[in-house]
Amino acid sequence: MAFFLPTSFLGLQTLGKYHMFWPVPRHQQLFAVIFQLLNREHVKCFPFTTTSPSAVPVDPKATHMLSTKTRSEGRNGEERGGKDRTDTSSPHPFSLFSAGAAKRRSKNQEELLMISKKNGIRPPEKPLSVAEWEELRGEFKGISKFEDVMLEQMIKCNSSIDVAKSLLSMVAMRKGDISYNLLVKYLALCVRQEQMAEVCDVYDIMKVRFKTLETGAYSLLIKGLNGSDRWREALLLLEEIKKVMTPSKGNYGNCIKGALNNQEINLACELYHEMLAKDLIPNLDTLQVFFDTGKCVKDNQLKSELLGILLYLRENQLYPGEALMQSIKLWFESIPGEKWEGRLTTIKNSGKCPVCNQNLESINLSQEEYNALKEKIMKDVIQGTDTFRKTTPQELEEFQNFVENHPPYDIVIDGLNVANVSNKRNQSQTLLDVVFHLAQQNLRLLVLGRKHMLTGSHSWKRHIVAAMQKKADFFFAENVSEDDPFLLYATLHSGSHCKFLTRDLLRDHKACIPDSLTRYLFFKWQRGHQMVLSHYWPGKRIKFQPILTYDTVVQTTGDTWHIPYDEQLVERYSYEVPTKWLCLQRK
């Protein structure tokens, strides 16, 4: 299907024997390569051809009129906005196909990057002429996708837009068209550098030439348009994605940012609640824009939304990063008519805040909460249909009878999970060390294993397994069964004193819990009962991650807020909790 290459891709120049001529006003110019052939009287346009099965073309006669000025200039020649091309301040490199693109796409990307690495392809620092590009291409004759590989490298190196344009000039002169994939890659580079005018022009072409695009292109356009004065058009693209799939949290986040940056607060809140209704967890930078927008603004509805975001973080055990924490602090301190002061601190083992002397919430559930959680977990998680895809009702019943015929346990151990904490020691020996260490404390232990542990192998020696069985009870499930239902059942059945030992986060089972209150109780119970083997030196030392006495979630008393946060550049394991807190006091 015909498509046209924008003159802005090329700029005014003479390419060998071909002379480039630009038509005039912006709204009257075809987005095309127009040049006069030597010894020819007519003018020829190179069509743009799509090779993507996901992009549906429209009538090729419906060409759109666009400007041919270089996109770094506005209509009157003034400098356009846009991030400098050497800027690398973005915390995360932009992903080319970030919203549910096909696996085929990411696989192709990997192949192209491998080709470029193998052949040492790096993009030039300055634009090249068509002849220079052809010469460079000739040096890599064995690469059939030279242009794709080169544009991938330009994205990776954040190359100048002008360099990319010069490459597309060569493609147009040689092939007579520009493939859909190359245009999308060029779009990705424009979006990454926040070249808004370029993004808008590419969007205008795609909007006219194609009825629909693939989701990756839609996501790029949504991200790019929301930084421009045409941000509302991104909402239309969001609706297009909804027709075939659930938009990503990035899609929603970009639209929310566009709305907030243009003071459309009600619209932003509607989009926020819509994504929550779809069980999408917002990116932290999306939440940060809410708090940045709310600074010094007297708006009770917005204030209610922001406090609701804090409660959402609490209910879902989410921890702000340092940037979001600072935005929350500044918002509180800017609330008109209220005097809040925020200070950063570290909470001691006692659970008392050294700034305000407030005791944080206990990690322990009340007996009423524990009973409600136990009943809910038994019904929705352990006996749910999802569990029986990983085990059988007969095996689960056998395990229930096993647990009920034994006294309550103090610790339930995920045997395989613990056995694999170290690659420096035999699996059975690792588990033996941990079991013996805990047994020395006169604790009743249950180890959950698999039947292959009994067959005798290099990893599971029979005499070591027999030695462990003298120190702990064992239940061996089928090799294909899931451990987690057994782990949860045995721990909850044994009572609130019982702990469980695993590095598993139990995310699958959290997802089975339908209501937010039960999810919150489950998070809290997990933090107060999960033991994690944090350090293991074979034959020397075993150390467990300490279980704190206080809860590590966002919490408030009305006149105080305590918010745990992750420090910038300080990594923690997924089973660990933050050690730094923001203490907010109303004076």
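Computed from a prediction, not measured in an experiment: that's the story for all the values here.

Asks: Got a minute to help me understand the overall build of the chain in this structure?
Replies: Along its length, the chain carries 21 helices and 17 strands. With 587 residues in all, the chain has 51% of them scored as buried. In the chain, once contacts between residues fewer than 6 apart in sequence are set aside, the share between residues at least 24 apart is 73%. Accessible area of the chain: about 28500 Å², with a carbon and sulfur share of 49%.

Asks: Help me out: how do you make sense of helix H7 (residues 215-225) in this one?
Replies: One full turn of an α-helix is made of 3.6 residues, so residues set three or four places apart face in the same direction. Burial analysis of H7 places 10 of its 11 residues in the buried class, the great majority of the element. Inspection of H7 places Thr215, Gly216, Ala217, Tyr218, Ser219, Leu220, Leu221, Ile222, Gly224 and Leu225 among the buried residues, and these make up the whole buried set. Packed against the buried residues of H7 are helix H5 (180-192), helix H6 (196-209), strand S6 (210-212), helix H8 (232-242) and helix H9 (249-261).

Asks: Explain the pairing of strand S13 (residues 533-537) here, please?
Replies: A regular strand places its side chains so that they alternate between the two faces of the sheet. Pairing of S13 with strand S14 (residues 541-544), which is carried by four bridges, proceeds in the antiparallel orientation. For tyrosine 536, the partnering residue across the bridge sits in S14 and is isoleucine 542.

Asks: Hey, could you run me through the nonpolar core in this one?
Replies: A general feature of soluble globular proteins is that nonpolar side chains tend to end up buried together. Trp133, Phe146, Met154, Phe290, Leu310, Ile328 and Phe332 are the most contacted members of the largest nonpolar core, which has 87 residues in total. The dominant element in this core, judged by the number of residues it contributes, is H5, at 10 residues. If you look at the next biggest cluster of nonpolar residues, it comprises 31 residues, including Phe399, Val403, Phe500 and Tyr520.

Asks: Whenever I open this one, the pattern of salt bridges confuses me. Can you help?
Replies: Oppositely charged side chains are able to pair whenever their charged atoms sit close together. By the definition in use, this model includes 26 salt bridges. A salt bridge links glutamate 134 to arginine 174, with the shortest nitrogen-to-oxygen separation between them at 3.7 Å. Taken together, the positions of glutamate 134 in helix H2 (residues 130-138) and arginine 174 in helix H4 (residues 161-175) put the pair 40 residues apart, joining distant regions of the chain. What makes glutamate 134 partly exposed here is its relative accessible area of 28%. In this structure, the salt-bridge partner of arginine 586 is glutamate 338, at a minimum N-O distance of 3.2 Å. Separated by 248 residues along the polypeptide, arginine 586 in strand S17 (residues 580-586) and glutamate 338 in the loop between helix H13 (322-334) and strand S7 (340-346) bring together distant segments of the chain. Exposure remark for arginine 586: the relative accessible area of 36% places this residue in the partly exposed category. Shared partners join several salt bridges into a network, and the residues in it are Glu134, Arg137, Glu147 and Arg174.

Asks: Looking at this structure, how should I read the side chain of arginine 527?
Replies: Residue position: arginine 527 is located in helix H21 (residues 516-529). Those residues in contact with arginine 527 that lie beyond four places of it in its chain are Gln317, Tyr319, Ile363, Ile547, Asp551, Thr552, Val553 and Val577.

Asks: What should I look at first to understand the packing of H9 against helix H11 (residues 284-294) in this one?
Replies: For the pair H9 and H11, interaxial distance at closest approach is 9 Å and the crossing angle is 10 degrees. Judged on the interaxial angle alone, H11 and H9 are roughly parallel. Along the contact surface, H9 presents Gly253, Ile256, Lys257, Leu260 and Asn261, while H11 presents Asp285, Thr286, Val289, Phe290 and Thr293. Considering only residue class, the contact of H9 with H11 consists of four nonpolar, four polar and two charged.

Asks: Looking at this model, I keep getting lost on the sheet that holds strand S8 (residues 411-414). Mind explaining?
Replies: The pairing of strands in a sheet comes from backbone hydrogen bonds and takes either a parallel or an antiparallel form. Strand order in the open sheet made by the five strands is S10-S9-S8-S11-S12, with parallel pairing throughout. The open sheet has two edge strands with one neighbour each: strand S10 (473-477) and strand S12 (530-531). Relative to S12, strand S11 (residues 499-501) runs parallel, the two sharing two bridges. Opposite leucine 501, over in S12, you have methionine 531 as the bridge partner.

Asks: Before we go on, may I ask you to explain the sheet that holds strand S16 (residues 560-565) in this structure?
Replies: As summarised here, the arrangement of the four strands in space is S7-S17-S16-S15, forming an open sheet in which the pairing is antiparallel. Among the strands making up the open sheet, the edge pair consists of S7 and strand S15 (555-556). One ladder, built from six bridges, connects S16 with S17; its direction is antiparallel. In the sheet register, histidine 562 faces S17, and the bridge partner there is cysteine 583. On the sheet, H13 packs against S7, S16 and S17 and is oriented at approximately 150 degrees with respect to S7.

Asks: What am I meant to see in the packing of aromatic side chains here?
Replies: We describe a pair of aromatic rings using the distance from one ring centre to the other and the angle between the two ring planes. All told, the structure shown has 16 aromatic pairs when counted by the stated rule. Geometrically, the ring pair formed by phenylalanine 474 and phenylalanine 476 is stacked, given 5.4 Å between the ring centres and 20 degrees between the ring planes. This pair shows no difference in class: phenylalanine 474 is buried, exactly as phenylalanine 476 is. On the numbers, 5.9 Å between centres and 45 degrees between planes, the contact of phenylalanine 522 with tryptophan 525 is tilted. Separated by three residues within a single helix, phenylalanine 522 and tryptophan 525 lie in helix H21, roughly one turn from each other. Judged by relative accessible area, which is 1%, phenylalanine 522 ranks as buried. Owing to a relative accessible area of 1%, tryptophan 525 belongs among the buried residues under this scheme. Directly above the ring of phenylalanine 436 sits lysine 471, whose terminal nitrogen or CZ lies 5.5 Å from the centroid.

Rules used in this analysis
- Residues numbered from 1 in each chain as written.
- Predicted model: local features only at pLDDT ≥ 70, side-chain atom pairs only at ≥ 80, totals over all residues.
- Heavy atoms only, no water.
- Helix = DSSP H or I, 4+ residues; strand = E, 2+ residues; numbered from the N terminus.
- Buried < 20%, exposed > 50% of the residue type's maximum accessible area, 1.4 Å probe, protein only.
- Contact = heavy atoms within 4.5 Å.
- Areas by Shrake-Rupley, 256 points an atom, 1.4 Å probe, with all protein chains shown as cover.
- Pairing = 2+ DSSP bridges.
- Core = buried A, V, L, I, M, F, W, Y, C linked by side-chain atoms within 4.5 Å.
- Salt bridge = Lys/Arg side-chain N within 4 Å of Asp/Glu carboxyl O.
- Axes fitted to C-alpha atoms, helices over the stretch in contact; angles between N-to-C directions.
- Parallel < 35°, antiparallel > 145°, perpendicular 65-115°, else oblique.
- Nonpolar A, V, L, I, M, F, W, Y, C, P; charged D, E, K, R; others polar.
- Phe/Tyr/Trp six-rings, centres within 6.5 Å; stacked < 30°, edge-to-face > 60°.
- Lys NZ or Arg CZ within 6 Å of the ring centre and 35° of its normal.

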